[in-house]
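Listed here are the chains, written in short residue letters.
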Amino acid sequence: MADYGDKATNFSEWFHNILEVAQITDARYPIKGMAVWLPYGFQIRKHTLNIYRELLDKDHEEVLFPMLIPETELAKEGIHVKGFEDEVYWVTHGGPTELNEKLALRPTSETSMYPMFSLWIRSHIDLPIKQYQVVNTFRYETKHTRPLIRVREITTFAEAHTVHSSAEECAEQVETGIEIYKTLFDEMGIPYLISKRPVWDKFPGAEYTMAFDTIMPDGKTLQIGTVHNLGQTFAETFDITFENKEGEHEYAYQTCYGISDRVIAAAIAAHGDEKGLVLPPTISPSQVTIIPIIFKKGAEEVMAKCEEIKEALESNGIRVDMDTRDIRPGKKFFDWELKGTPIRFELGPRDLENNKAVIGRRDTEEKMEIDLDEDIPAKIIELLGEIDSNLKENAWKSQESHLIEVDSLDDVASLVDDGKVISFHWCGDEECGKAIEEETDVDVLGITEEDIETDKVCPHCGKPAKHIALMAKTY
Ligand code: PR8
């Protein structure tokens, strides 16, 4: 059997190998942090974005803004630009001519979109605005780059930006953003932890940041989505005002939320195994792969039956692939296992004689016989549903197994080395949190329960605890 490395003990090795052999991306592109989406990976990305778009299209409008941002716009919001200045790629020339003004390749699109929002918004009747775009953004990351996880060209940056006429509505939109991401991750069977980022780790320019993290197989967490309440900060900078019902001019309230290629990395990490990808049916390029087992005798009949089944499945909305390559069936099984197709459907001449076929599940590796007179599409739809829930349940169980509650921070270092993510009672003070991070070399990820009633004290400073917070090693 092929050896891709151990997912739990050497996640990086396993992940790099799987991306390569399952043909998701090709990391040999000659710029660090930038890779090519290969056709199979691109299909997974497409189905992921289909789910995303379906969720957003309910009450957001899709738009597309230019990729270049004038330096003057990028520099306007002081805190924001400070957060990004070390990561910006600059365009300085047009051919041989030096540009009058440097242009930034967007690291994110607040400073590209908000000057336009300022032109569009006049009155409360223009609000709310809820827009999103799926674009590539560029961040000159200095931390170790990894395909899909920490890239310098984020090719799947799906960002939503909303504008509201009241602080209450804006805070509600943050909750809506969280619900949207919960649904997206649930559909992909990705487990998550939701927390409020500590103030020193919020999005530059935001009032507060709510973040989704997933625990990777090695116990390090990966931030897979963020929802930011921007308050009126950007509206003041970019002069986004509206006339309220009383006829007064007010600054608007804003949120933004984003996900990236990391979502796909998280799905691969959550479900894959030693044989390769295990894809949830929702994002798998094909949900069923039909493998006709062809011998000279009876080949035509087998092919005809396989075609018939393919059509029946497709007309029921199931994505089907048929592997007609002239290679050994064993090689085909191996390939589709590696590619993570949820269901394999095998049919050979002897099966056909017996009016039967064999169905193989990728997740449990169960094989079962199915009678060809049965309602095959119904059976497959039922199985896909079971696979979906099984993958999700296992992924959540695995995440739970990494979580540990502690009353003392003495053993934090060894616990995270053992792949644990730590939950503890915290006072919430910035000074205390930064000291914890400094002393343990582990991040305070965020607050999972805010302003709780408790007699407990903060294990670091001894002051009354106010919140439950998480600590983890992060990607
Ligand atoms: C915003 N503005 O930008 P955010 N490689 C892969 N994924 C990444 C990387 C990277 N180098 N950096 C960030 N992400 C807001 C919200 C518009 C949208 C992913 O927020 O800076 C992370 O999952 O938090 C992150 O949560 C998401 O992009 C949004 O980026």
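Note: the structure precedes this text.
Each chain has its residues counted from 1, following the order in which its sequence is written. Per-residue local features are limited, in this predicted model, to residues with pLDDT of at least 70; the limit for side-chain atom pairs, both in listing and counting, is 80 or more; totals at the level of whole chains, interfaces and linings are taken over all residues. To obtain the side-chain values, all non-hydrogen atoms of the structure were used and water was disregarded.

For the ligand, the set of nearby residues contains 23 residues, the closest of which are Glu-110, Glu-141, Gln-223, Thr-226 and Ser-260. Take Val-151: an N or O atom from its main chain is 2.9 Å from a nitrogen atom of the ligand. Method for areas: the Shrake-Rupley scheme with a 1.4 Å probe, in which residue coverage is limited to the protein chains shown. Protein contact buries 96% of the 600 Å² of open area that the ligand shows by itself. Of the pockets mapped on this structure, the ligand occupies the largest pocket. For the shell around the ligand, the elements supplying multiple residues, two or more each, are strand S8 (153-164), strand S11 (221-231) and strand S14 (253-259). Secondary structure counts use DSSP, requiring at least four H or I residues in a row for a helix and at least two E residues in a row for a strand, with both numbered from the N terminus. Ranked by residue count, the leading element in the shell around the ligand is S11, at 5 residues. Being near a molecule or strand, for a residue, comes down to having at least one heavy atom within 4 Å of it. Within 3.5 Å is the distance limit for a polar contact, defined as a pair of N or O atoms, with the added protein rule that one can donate a hydrogen and the other accept it, and that residues adjacent in sequence qualify only through two side-chain atoms. Computed over the protein atoms alone on a 1 Å grid, cavities are sets of points where a 1.4 Å probe fits but cannot get out and pockets are open sets with protein on both sides within 12 Å along at least five of seven lines; a residue lines them when it has an atom within 4 Å of a point. To decide whether a molecule occupies a pocket or cavity, check its atoms: if more than half lie within 2 Å of the grid points, it is inside.

Quick look at unusual backbone geometry now. Here the bond from Leu-127 into Pro-128 is cis, since omega is 0°, no more than 30 degrees from zero. One non-glycine residue with positive phi stands out, namely Leu-148, at about 65°. By the element assignment, Leu-148 lies in the loop between strand S7 (129-138) and S8. With a 1.4 Å probe rolled over the protein chains alone, any residue whose accessible area is under 20% of its type maximum counts as buried; one over 50% counts as exposed, and the rest are partly exposed. With a relative accessible area of 5%, Leu-148 lands in the buried category. Phi at Asp-441 takes a positive value of approximately 60°, unusual for a residue other than glycine. Counting through the fold element by element, Asp-441 comes out in the loop between helix H14 (430-440) and strand S22 (443-449).

For the purposes of this section, nonpolar cores are sets of buried Ala, Val, Leu, Ile, Met, Phe, Trp, Tyr and Cys residues that join through side-chain atoms within 4.5 Å. Residues Phe-15, Ile-24, Tyr-52, Tyr-181, Phe-185, Ile-268 and Leu-277 are the most contacted members of the largest nonpolar core, which totals 51 residues. Setting aside chain neighbours within four positions, we find Ile-24 in contact with Ile-18, Leu-19, Val-36, Trp-37, Leu-38, Tyr-40, Gly-41, Ile-44, Ile-268 and Leu-277. One finds Phe-84, Met-113, Phe-117 and Ile-240 within the second-largest nonpolar core, a separate group that totals 24 residues. Any two residues whose heavy atoms approach within 4.5 Å are treated as being in contact.

Grid points are joined across faces, edges and corners, and a volume is the space filled by probe spheres set on the points. Under the defined criterion, the tally for this structure stands at 2 cavities of 30 Å³ or more. Roughly 80 Å³ of volume is contained in the largest cavity. Under the grouping applied here, Gly and all other residues not named as nonpolar or charged are polar, the nonpolar ones being Ala, Val, Leu, Ile, Met, Phe, Trp, Tyr, Cys and Pro and the charged ones Asp, Glu, Lys and Arg. Considering only residue class, the lining of the largest cavity consists of 6 nonpolar, 2 polar and 2 charged. As for the second largest cavity, its lining consists of Arg-45, Thr-48, Leu-49, Thr-156, Ile-259, Ser-260, Val-263 and Ile-264. Looking at the lining of the second largest cavity, the elements with two or more residues in it are helix H2 (39-56) and helix H8 (262-271).

Further remarks concern the sheet that holds strand S5 (residues 89-94). When DSSP finds two or more bridges between two strands, those strands count as paired. Sheet architecture is open: 3 strands sit in the order S4-S6-S5, paired in antiparallel fashion. At either end of the open sheet lies a strand with only one pairing partner, and these are strand S4 (68-70) and S5. Across the sheet, the axes of successive neighbouring strands diverge by a mean angle of 45°, strand direction being ignored. For S5 and strand S6 (residues 97-105), the ladder comprises 5 bridges, and the chain directions are antiparallel. Its bridge partner being in S6, Tyr-89 is matched across the sheet by Leu-105. Fitted lines through C-alpha atoms give the axes, limited to the stretch in contact for helices. The angle between two N-to-C directions lies from 0 to 180 degrees.

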